[in-house]
Amino acid sequence: MDASERERYSRQILFPGIGESGQAALMRARVAIVGCGALGSFHAMALARAGVGEIAIVDRDYVEPANLQRQWLFEESDAAEALPKAVAAERRIARINGSIRARGVVADVTCENIAELIGGAQLILDGTDNFETRYLINDFAVSRGVPWIYGAVVASYGLTMPVIPGRTACLRCVYPDLPGGSQPTCETAGVLNAIVSAVASLQVADALKILSGRPDLVRARIATIDVWSGVIRQIDGPQPDPGCPTCGLREFAFLEGACRAALRLCGRNAVQVHERDGPLDLAGLKTRLEPLGEVRTNEFALRFFISPYEMTVFPDGRAIIKGTSDAGIARSLYAKYVG
Ligand SMILES: [Zn+2]
């Protein structure tokens, strides 16, 4: 560590829990953040400021005006340009800390690509908004013995739980099956930015322990916070369940399962469709769609307006169809216009 680094991180080095050796470990650390919305953009910003050496940020979506109330990294210009969140995050982080490597990846994490996208990470932070992706992360992390930190928020309430394979219960020990029925979501119940930072901060604190070399200090617990009622609780996590399909029986159904279901997006009247194998020629698609409606493109995506819908198509073949929450309608629009 040189003198300027010692100065930059001096307040963190002074903290005895980290110290100079912990800071040096942070600067060599590699972390992956899956989902760069409210929680993920806080994780990325905090870990970049803390000097974590390599940060991969994977997100499938683009910035919209309704994100700005709680998604800490993004600015009005990002929403005006409809930049992919991963791209906007990478640019902003380069301005926050130019001495670390932050890599934004515009992609939907699936069982096919998860190893390629986040395989090198020592730790995975959950910034997602859905259980399907969390179960996939859980399978991947447990199968490789990589720790990950679950976090979720809705309205004024949130929770977090660290998963350290071999020591703590995993997500499926606690939630064996996908929650059924209708769950409150950001779409139906809203979300306050104060709960986002509260939950994301607890996740980041556990991340700093793990990445600075003290994973033993991470307490196996479920923390719940309601910033409106003021109720904060911590309960010890259960012991790992020997009958848990993931960490007990080591059956990784979500890593091996159906990868590409159409997915409603939290907080949006929108559906993601991903039914192609391989990349898409956006220039060719633009030529085909221009006679049919307004088409706008930037270097990251193509946007097609066909009232009352709006389709954003990415080079990896995914599309986000706005204006419906019906997967059937979204699929048929994709088939009709993208093919
Ligand atoms: Zn388990």
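Our structure's up above, just so we're on the same page.
The shown structure was predicted, so the numbers you read here are calculated from the model rather than taken from an experiment.

A. Broad picture of the sheet that holds strand S5 (residues 148-154). The 8 strands lie next to each other as S3-S2-S1-S4-S5-S6-S7-S8, forming an open sheet whose pairing is mixed. Of all the strands in the sheet, the pair left with one neighbour each is strand S3 (101-106) and strand S8 (232-236). Put simply, the sheet's adjacent strands are angled 15° from each other on average, direction ignored. Of the strand pairs in this sheet, strand S6 (residues 157-163) and strand S7 (residues 221-226) are connected by 4 bridges, and their pairing is antiparallel. Its bridge partner lying in S7, Gly158 is registered against Ile225. Strands strand S1 (30-34), strand S4 (123-126), S5 and S6 of the sheet are contacted by helix H8 (residues 131-144), whose axis makes an angle of about 170° with S5.

B. Main features of the side chain of Gln272. Within the secondary structure, Gln272 sits in strand S10 (residues 270-273). At a separation of 2.7 Å, a polar atom in the side chain of Gln272 contacts the side chain of Asp108. Polar contacts involving the side chain of Gln272 include one to the side chain of Arg318, which spans 2.9 Å.

C. Region of interest: the coordination of the zinc ion. Taken together, the protein donors to the zinc ion comprise Cys170 (SG), Cys173 (SG), Cys244 (SG) and Cys247 (SG), at separations of 2.2 to 2.3 Å. Around the zinc ion sit 4 donor atoms, and with donor-metal-donor angles ranging over 94 to 124° the site reads as tetrahedral. Look at where the donors of the zinc ion fall in the sequence and you get C-x2-C-x70-C-x2-C. Here the residue Cys173 occupies a position in helix H9 (residues 171-174), and Cys247 occupies one in the loop between S8 and helix H12 (253-256), the gap between them amounting to 74 residues. Taking the relative accessible area as the measure of exposure, Cys173 reaches 13% and is therefore buried. With relative accessibility at 23%, the residue Cys247 sits in the partly exposed group.

D. Representation of the pattern of salt bridges in the model. This model, assessed by the stated rule, comprises 16 salt bridges. Of the charged contacts in the structure, one is a salt bridge between Arg60 and Asp108, with a shortest N-O distance of 3.0 Å. Remark: Asp108 occurs in the loop between S3 and helix H7 (114-118) and Arg60 occurs in the loop between strand S2 (54-59) and helix H5 (76-80); sequence separation between them is 48 residues. Each member of the pair, Arg60 together with Asp108, is buried. Between Asp129 and Arg60 there is a salt bridge; the shortest N-O distance is 3.9 Å. In this pair, Asp129 is assigned in the loop between S4 and H8 and Arg60 in the loop between S2 and H5, connecting sequence segments 69 residues apart. Its relative accessible area of 10% is what places Arg60 among the buried residues.

E. Structural context of the nonpolar core. In terms of nonpolar packing, the biggest core is built from 48 residues, with Val31, Leu47, Val52, Ile55 and Leu73 touching the most fellow members. Counting residues per element, the ones that place at least two in this core are S1, helix H4 (38-50), S2, helix H6 (85-96), S4, S5 and helix H11 (193-211). Top contributing element to this core by residue count: H11, with 10 residues. Look past the residues within four positions of Leu47 in its chain and what remains in contact with it is Val31, Val52, Ile55, Leu125, Val204, Ala207 and Leu208.

F. Layout of the environment of Tyr175. Tracing the backbone through its elements, the reader meets Tyr175 in the loop between H9 and helix H10 (186-189). Sequence separation between Tyr175 and Asp78 is 97 residues, and the spatial gap between their C-alpha atoms is 36 Å. If we ignore the near neighbours within four places in the chain, the residues touching Tyr175 are Phe131, Tyr135, Tyr150 and Leu159.

G. Just the packing of aromatic side chains, in detail. Applying the stated rule across the entire model yields 8 aromatic pairs. Note on Phe42 and Trp72: the rings are 6.2 Å apart at their centroids and 75° apart in plane angle, and the pair reads as edge-to-face. You can see Phe42 sitting in helix H4 and its partner Trp72 sitting in the loop between S2 and H5, a full 30 residues away along the chain. For Phe42, a relative accessible area of 15% corresponds to the buried category. Residue Trp72 is classed as partly exposed on the basis of its relative accessible area, which comes to 31%. Here the aromatic rings of Phe131 and Tyr135 are separated by 5.6 Å at their centres, their planes lie at 70°, and the arrangement is edge-to-face. Here Tyr135 and Phe131 lie together in helix H8, a separation of 4 residues that amounts to about one turn. Of the two residues, Phe131 and Tyr135, both sit in the buried class. By way of ring pairs, the aromatic residues Phe131, Tyr135, Trp148, Tyr150, Tyr175 and Phe254 are connected into one cluster. Over the aromatic face of Tyr62 sits the side chain of Arg303, whose NZ or CZ is 4.3 Å from the ring centroid.

Calculation criteria
- Residues numbered from 1 in each chain as written.
- Predicted model: local features only at pLDDT ≥ 70, side-chain atom pairs only at ≥ 80, totals over all residues.
- Heavy atoms only, no water.
- Pairing = 2+ DSSP bridges.
- Helix = DSSP H or I, 4+ residues; strand = E, 2+ residues; numbered from the N terminus.
- Axes fitted to C-alpha atoms, helices over the stretch in contact; angles between N-to-C directions.
- Contact = heavy atoms within 4.5 Å.
- Polar contact = N/O pair within 3.5 Å; in protein donor to acceptor, adjacent residues only side chain to side chain.
- Donors = N, O, S within 2.8 Å, 3.2 Å for Na, K, Ca; no water.
- Tetrahedral: all angles 85-135°; square planar, octahedral: opposite > 155°, others 65-115°.
- Buried < 20%, exposed > 50% of the residue type's maximum accessible area, 1.4 Å probe, protein only.
- Salt bridge = Lys/Arg side-chain N within 4 Å of Asp/Glu carboxyl O.
- Core = buried A, V, L, I, M, F, W, Y, C linked by side-chain atoms within 4.5 Å.
- Phe/Tyr/Trp six-rings, centres within 6.5 Å; stacked < 30°, edge-to-face > 60°.
- Lys NZ or Arg CZ within 6 Å of the ring centre and 35° of its normal.

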